[in-house]
Amino acid sequence: FNAPPSTMGGSAASKEDRERKMRARDAFVVPGSDHATLLNVFQQYREEIVQRRGSDSAAHAWCEEHGVLVRIMKRAEDVRRGLVLALRRLPALDEGVPTAHHGDPTNVGNNSTFKRVRRCLLAGFFANCARLTPDGRYRTIRGGVPLLPLPTTSVLASFGAPPEWIVFGEVSSASLTQNSSLSLSQSSGERVWVRDASSIEPLWLTELAPHYYDLKF
């Protein structure tokens, strides 16, 4: 996965073990999005656990079979539970919010859901967008900061041609902190790399962030 290395096991794992985990990853891939791929993993994990009535043994068995660390899935469960409770405090959003005990009503592989997920990401990370330039490198749309190539673990780097426009959620360099768009615009000359990227449509930039982008197509 294009996620923290611990998600798919440590660096000391054998070559065979790494290959097994990469094959397991391929079964979850949603082309064009690392975020949707990770969401697909979580949704399938939850479906299995709901069917097994939340059994810890079922959770461990599923994670072992699919090369995922169970503690990360449990942490994701905790985060989701908190988000659901927060949403339910907003009366206007209460209707349609899934309960903390039932599966999500939509499949991330569905085209409509896939589009909504990426638009949601762009609305939140509108400053973290980049375009593939003729030299084969991604550069941020504002500021033109060059980014290092996406890691080979990224769905975007491993499945099909790289998309021209992307949104990303995590930034790293010698001095940047995670999710620091302000610092990213000030990182001239640094080696900057990103993780967790998804393809986007360029028209979404001015539609969802007109205060930030003034682009003509």
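The notes below deal with the structure included here. Only a predicted model underlies this, so the values are computations on that prediction, with no experimental measurement involved.

**Details of the sheet that holds strand S3 (residues 146-147)**
Argument step 1. Judged by pairing direction, the sheet is antiparallel, and its five strands sit side by side in the order S3-S2-S1-S4-S5 without closing on themselves. Single-partner strands in this sheet number two, and they are S3 and strand S5 (193-199).
Argument step 2. Here two bridges tie strand S2 (residues 138-140) to S3, and the two strands are oriented antiparallel to one another. Pairing of Tyr138 across the sheet is with Leu147, part of S3.
Argument step 3. Contacting strand S4 (165-172) and S5, helix H2 (residues 34-51) crosses the sheet at an angle of about 80° to S5.

**Comments concerning unusual backbone geometry**
Argument step 1. A positive phi angle, close to 60°, is found at Asp196, a residue other than glycine.
Argument step 2. Along the polypeptide, Asp196 turns up in strand S5.

**Thoughts on the pattern of salt bridges**
Argument step 1. Under the criterion given, the structure shown has six salt bridges.
Argument step 2. Two residues, Asp135 and Arg139, come together in a salt bridge whose shortest N-O distance is 3.7 Å.

**With respect to the packing of H2 against helix H3 (residues 56-66)**
Argument step 1. Running from N to C, H2 and H3 cross one another at 140°; their axes reach a closest spacing of 9 Å. On the basis of their axis angle, the class for H2 and H3 is oblique. Considering only the axes of H2 and H3, their crossing is right-handed. Contact residues: Val41, Gln44, Tyr45, Glu48 and Ile49 in H2; Ala58, Ala59, Trp62 and Cys63 in H3.
Argument step 2. Of the residues assigned to the contact of H2 with H3, the class counts are seven nonpolar, one polar and one charged.

Procedures and definitions
- Residues numbered from 1 in each chain as written.
- Predicted model: local features only at pLDDT ≥ 70, side-chain atom pairs only at ≥ 80, totals over all residues.
- Heavy atoms only, no water.
- Pairing = 2+ DSSP bridges.
- Helix = DSSP H or I, 4+ residues; strand = E, 2+ residues; numbered from the N terminus.
- Contact = heavy atoms within 4.5 Å.
- Axes fitted to C-alpha atoms, helices over the stretch in contact; angles between N-to-C directions.
- Salt bridge = Lys/Arg side-chain N within 4 Å of Asp/Glu carboxyl O.
- Parallel < 35°, antiparallel > 145°, perpendicular 65-115°, else oblique.
- Left-handed = near helix turned anticlockwise from the far one by under 90°.
- Nonpolar A, V, L, I, M, F, W, Y, C, P; charged D, E, K, R; others polar.

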